[in-house]
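Tertiary structure, described
The primary structure of each chain is shown beneath.
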Amino acid sequence: MNTSPSSQHASTAVLIDNGRGEYLLHLRGAHKPICDPGTWSLVGGGPEPGETLDEAIAREILEETGLVLRGITPYTTAKADGPNVTEGNIQVYKARWDGVAHDLPVTEGIMFAWFDVATMEQLSMCPWAHEVIKTHHAEHPAPPRSGPRDDAGQDGAGAVKNVIGAHLFLERDGRTLLGLRHPGVKFAGGEWHALAGHVERESVRACLVREAYEEAGIVIKPADLTLAHTVHLLDDHENAEPRIQLFFRASRWSGEPEVREPDKCTAWQWWPLDGLPDPMVRYARAAIDGIRTGTAYTELGWAPAVPATGGR
């Protein structure tokens, strides 16, 4: 490895793969005076004064991703050109990591994500990074899979974090409360949906108590919330990110629903349980149907389970 500064290399980068034919890409800011703005590229950067290339890439990985990776080795040299590019070559390293890209802290740029080579053809890629990845993929094709692969792009035995959503089921005189999503929101714009929110560093009940008051001015005590239905969801609306949607029934509450976040919800309305509106978020409809029929659990968007064969 390089143990001293090199005048032949102006910068460093690291090619991180997960062993499944996917590479970790970093979306660069589009409105900054940097190399290849607005493109997907590799983690990396230039060495500081007196810093070796090895030290530079380890520091850049830590600063940009929060990761301390073992087994970082030199791979190849790339040549970048274009505006805002410092003259010189880029020392490209390689490393292995198999984690959740969306969980990485974003200290620079926009986001991290895993992509396979085929998908990269549809991205705005940094040209030199794209060429380096294609070369590496040709030299190290992904091994055949020994187990099933689910729709989230992870091996069946892989550890995939599921986002938890908390939902409020209010029933009054055979009707349930739904909100009309603002047409400009990212998820389910213009559709009816249950009062809901993403669970942060809090309990699900605490999340619902907070969301009910923030969104609709409804006051609920945690002790009055009971789990009524669970939906395990893999849905196109959610960019194929698995989610566990928990629906809690409130036995009592105070306050009348009012629109308190008009940029997210434009109306609250009580709908008959046997006459739910259209369009409506399909997993919320499935959950309410499940509550009505007394079932506790629904799966949506997952491939059918393969029956086991053989026996004792």
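Residues numbered from 1 in each chain as written. Predicted model: local features only at pLDDT ≥ 70, side-chain atom pairs only at ≥ 80, totals over all residues. Heavy atoms only, no water.

**Observations regarding the overall build of the chain**
Here is the rule: The helix count covers DSSP runs of H or I at least four residues long, the strand count covers runs of E at least two residues long, and both are numbered beginning at the N terminus. Throughout, exposure labels follow a simple rule: accessible area from a 1.4 Å probe, protein chains only, divided by the maximum for the residue type, with under 20% read as buried, over 50% as exposed, and the rest as partly exposed. By definition, residues are in contact when any of their heavy atoms lie within 4.5 Å. Each accessible area is a Shrake-Rupley estimate made with a 1.4 Å probe; only the visible protein chains count as cover when residues are assessed.
Each helix and strand counted, the chain has five helices and 16 strands in total. Counting every position in the chain, which comprises 312 residues, the buried fraction comes to 43%. Long-range contacts, defined as pairs at least 24 residues apart, comprise 67% of the intrachain contacts of the chain with a sequence gap of at least 6. Accessible surface, the chain: about 16700 Å² in total, of which carbon and sulfur atoms supply 51%.

**Regarding helix 4 (residues 204–216)**
Quick note on the threshold: To estimate the expected span of a helix, count its residues, drop one, and scale the result by 1.5 Å. Of all possible arcs, the one meant is that of the directions from the helix axis to the C-beta atoms.
If you check helix 4, its first and last C-alpha atoms are 18 Å apart, about what 13 residues at 1.5 Å a residue would give, namely 18 Å. When we look at burial in helix 4, the residues that qualify are Val-204, Cys-207, Leu-208, Glu-211, Ala-212, Glu-215 and Ala-216. Down the axis of helix 4, the buried set is contained in an arc of 130°. They therefore lie on one face. Buried residues along helix 4 sit against strand 8 (163–169), strand 12 (195–198), strand 13 (225–233), strand 14 (243–250) and strand 15 (265–272).

**Here's the deal with the side chain of Thr-176**
Heads up, the rule is: Think of a polar contact as two N or O atoms within 3.5 Å of one another; within protein, one of them needs to be a possible hydrogen donor and the other a possible acceptor, and neighboring residues in sequence only count if both atoms come from side chains.
With respect to the helices, strands and loops of the structure, Thr-176 is situated in strand 10 (residues 175–181). For Thr-176, a relative accessible area of 1% gives the class buried. Among the polar contacts listed, one links the side chain of Thr-176 to the backbone oxygen of Leu-170, at a separation of 2.8 Å. Not counting residues within four places of it along the chain, the set of residues in contact with Thr-176 comprises Phe-169, Leu-170, Gln-269, Trp-270, Trp-271, Leu-273, Leu-276 and Ile-288.

**With respect to the pairing of strand 14**
Basically, it comes down to this: In this analysis, strands are considered paired if DSSP registers two or more bridges between them.
With six of eight residues buried, strand 14 lies mostly within the body of the structure. Bridge analysis of strand 8 against strand 14 gives seven bridges, and the strand direction is parallel. Paired with Ile-164 across the two strands is Ile-244, which belongs to strand 14. Judged from the eight bridges that link them, strand 13 and strand 14 form a sheet pairing that is antiparallel. The residue bridging Leu-227 from the neighbouring strand is Phe-248, located in strand 14.

**Details of the environment of Ala-216**
Along the polypeptide, Ala-216 turns up in helix 4. For the pair Ala-216 and Pro-257, spaced 41 residues apart in sequence, the C-alpha separation works out to 4.8 Å. Setting aside chain neighbours within four positions, we find Ala-216 in contact with Leu-195, Glu-211, Glu-256, Pro-257, Glu-258, Arg-260 and Trp-268.

**Overview of the sheet that holds strand 8**
To be explicit about the condition: To obtain an axis, a line is fitted to C-alpha atoms, over the contacting stretch when the element is a helix, and the angle between two such axes runs from 0 to 180 degrees between their N-to-C directions.
Taken together, the five strands give an open sheet; going across it, the order is 12-8-14-13-16, and neighbouring strands pair in mixed fashion. Looking at strand neighbours, the two that pair on one side only are strand 12 and strand 16 (297–300), the edges of this open sheet. Averaged over all pairs of adjacent strands, the angle between their axes in this sheet comes to 25°, without regard to strand direction. Across four bridges, the pairing between strand 13 and strand 16 is parallel. Opposite Val-231, over in strand 16, you have Thr-298 as the bridge partner. Of the strands in this sheet, strand 8, strand 12, strand 13 and strand 14 are in contact with helix 4, which crosses strand 12 at around 125°. Lying over the sheet, helix 5 (residues 282–293) contacts strand 8, strand 13, strand 14 and strand 16, oriented at roughly 130° with respect to strand 13.

**What about unusual backbone geometry?**
Note on backbone geometry: most residues besides glycine have negative phi, and most peptide bonds are trans. Asp-278 connects to Pro-279 through a cis peptide bond whose omega is -5°. A positive phi angle is found at Asp-173, which is not glycine, with a value near 55°. On the accessibility criterion, Asp-173 (74% relative accessible area) is exposed.

**Some points on the environment of Glu-215**
Its location among the elements puts Glu-215 in helix 4. Sequence-wise, Glu-215 and Trp-268 are 53 residues apart; in three dimensions their C-alpha atoms are separated by 10.0 Å. When residues no more than four places from it in sequence are discounted, the contact partners of Glu-215 are Leu-195, Ala-196, Glu-258, Val-259, Arg-260, Glu-261 and Trp-268.

**Some remarks on the packing of aromatic side chains**
Basically, it comes down to this: Two rings from Phe, Tyr or Trp (for Trp, the six-membered ring) form a pair when their centres are within 6.5 Å of each other. A pair whose planes differ by under 30 degrees is stacked, one over 60 is edge-to-face, and the rest are tilted.
All told, the structure shown has five aromatic pairs when counted by the stated rule. Residues Trp-192 and Trp-271 carry aromatic rings whose centres are separated by 5.1 Å and whose planes lie at 70° to one another, so their mutual orientation is edge-to-face. Of the two residues, Trp-192 is situated in strand 11 (residues 192–193) and Trp-271 in strand 15; the sequence distance between them amounts to 79 residues. Comparing Trp-192 with Trp-271 shows no difference in burial state: the two are buried. A ring pair is formed by Phe-247 and Tyr-283, whose centres lie 6.2 Å apart and whose planes are at 75°; its orientation type is edge-to-face. With Phe-247 in strand 14 and Tyr-283 in helix 5, this residue pair connects regions lying 36 residues apart in the sequence.

**Comments concerning helix 3 (residues 127–139)**
End to end, helix 3 covers 19 Å across 13 residues, agreeing with the expected 18 Å (1.5 Å per residue, within 8%). For helix 3, the complete set of buried residues consists of Trp-128, Ala-129, His-130, Val-132, Ile-133 and His-136.

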